[in-house]
Amino acid sequence: MTLQQEIVGNAMQMAVCSLQPGQTVYCEAGKFLFKTANVTMETRLSGPGDNRQGRDGGGAGGGMGGLLRQAMGTAMQVGQRALAGESLAFQYFTATGGEGTVGFAGVLPGEMRALELDGHRAWFAEKDAFVAAESTVDFGIAFAGGRTGMSGGEGFILEKFTGRGTVIICGAGNFIDLNPADFGGRIEVDTGCIVAFEEGIEYGVQRIGGLNRQGLMNAVFGGEGLSLATLEGNGRVILQSLTIEGLANALKKAQGGDKQGPTGGLFSTHAG
């Protein structure tokens, strides 16, 4: 059952989803906006994949053993989300007694995008990009690896979407869609500008220049720090024009609390 949705708005977009009777969509806590009265709302710690695994564990492997495996699986998923700094719970919305409507919004001024998963190719997104998805889409946490993560900041923890159906993501500013294959197979990006990319795209982090005069000039005065993210392969990549750090620094400067100075880069004051 295809999720009928419409992205509305400009500077701060919203997703309005039309649910068929019995159809369920879930979101991360804090992304819900409004719903019609015939749409039920339930908050759970488990994701859709946890529930399917619990049902699959029935029969010969069911009973107390199946319940225990389901509880342990849910605990592991909650632990991963806690470690990643994600919301611990999901909110589920189901239309009852007829068609229903539910709306969702992001937390930053920017765009939203509906991605269609075909059951074969997963999508990865930056932390906090997830807004809502059909119950047939599984939400997971992927770790880019210690070395990449320590260098890449935002890139260490990624959200992973698998299954079949619609998932809605959000970002800051405006979106641009690129394919590294159209640019020689590789693009280099500010680590804070990546919103999402398809499975098959290889994500990495590289140092900007060497430990020489020009490398230090890039790091200290260029505003990018020491590293850039690299995206290689053939597939869709979604970038955002505004970084959360850039927005935070602009707000601090407007409030008279900017301590970044003229150099930026290594000497920038990170919000939080």
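The coordinates are above.
Keep in mind it's a predicted model, so treat the numbers as computed, not measured. (Residues numbered from 1 in each chain as written. Predicted model: local features only at pLDDT ≥ 70, side-chain atom pairs only at ≥ 80, totals over all residues. Heavy atoms only, no water.)

Trainee: Let's hear about the pairing of strand β17 (residues 227-232): which residues, and what values?
Mentor: Among the 6 residues in β17, 5 count as buried, and that is most of the element. Sheet analysis places strand β16 (residues 202-207) next to β17, joined by 6 bridges and oriented antiparallel. Bridge pairing in β17 places Val205 opposite Ala229. (Buried < 20%, exposed > 50% of the residue type's maximum accessible area, 1.4 Å probe, protein only. Helix = DSSP H or I, 4+ residues; strand = E, 2+ residues; numbered from the N terminus. Pairing = 2+ DSSP bridges.)

Trainee: Explain the packing of aromatic side chains to me, and be specific about the residues and the numbers.
Mentor: Using the criterion set out here, one finds 12 aromatic pairs in the structure. Ring centres of Phe32 and Phe93 lie 5.0 Å apart, and the angle between their planes is 20 degrees; this geometry places the pair in the stacked category. Here the residue Phe32 occupies a position in strand β4 (residues 32-35), and Phe93 occupies one in strand β6 (residues 90-95), the gap between them amounting to 61 residues. Residue Phe32 is classed as partly exposed on the basis of its relative accessible area of 29%. Take Phe93: its relative accessible area is 0%, and that puts it in the buried class. Ring centres of Phe124 and Phe197 lie 5.7 Å apart, and the angle between their planes is 25 degrees; this geometry places the pair in the stacked category. Of this pair, Phe124 sits in strand β9 (residues 123-126) while Phe197 sits in strand β15 (residues 194-198), and the two are 73 residues apart along the sequence. When sorted by exposure, Phe124 lands in the same class as Phe197, which is buried. Each member of the aromatic cluster is reached from another via a ring pair, and the members are Tyr26, Phe90, Tyr92, Phe130, Phe139 and Phe161. (Phe/Tyr/Trp six-rings, centres within 6.5 Å; stacked < 30°, edge-to-face > 60°.)

Trainee: Break down the side chain of Asn179 for me, citing the residues and quoting the values.
Mentor: Here Asn179 shows up in the loop between β13 (175-178) and β14 (186-189). Here Asn179 falls in the buried class, since its relative accessible area comes to 17%. A polar side-chain atom of Asn179 sits 2.9 Å from the main-chain amide nitrogen of Ala181. There is a polar contact of 3.1 Å between the side chain of Asn179 and the backbone nitrogen of Gly235. (Polar contact = N/O pair within 3.5 Å; in protein donor to acceptor, adjacent residues only side chain to side chain.)

Trainee: A description of the sheet that holds β17 should follow, citing residues and the corresponding values.
Mentor: Read across the sheet, 3 strands follow the order β14-β17-β16 without closing on themselves; strand pairing throughout is antiparallel. Of all strands in the sheet, those bounded by a partner on one side alone are β14 and β16. Strand-to-strand, the axes of this sheet are offset by a mean angle of 30 degrees, without reference to chain direction. (Axes fitted to C-alpha atoms, helices over the stretch in contact; angles between N-to-C directions.)

Trainee: Can you explain the sheet that holds strand β2 (residues 14-19)? Please cite residues and give values.
Mentor: Sheet architecture is open: 4 strands sit in the order β1-β2-β7-β4, paired in antiparallel fashion. In this open sheet, the two edge strands, each paired with only one partner strand, are β1 (4-8) and β4. Taken over all neighbouring pairs, the strand axes of this sheet differ in orientation by 20 degrees on average, direction set aside. Two strands pair when backbone bridges link them, and β2 and strand β7 (residues 100-105) are joined in this way by 6 bridges, in the antiparallel orientation. Within β7, the residue paired with Val16 across the bridge is Gly103.

In short, shape yes, function no, at least from these values alone.
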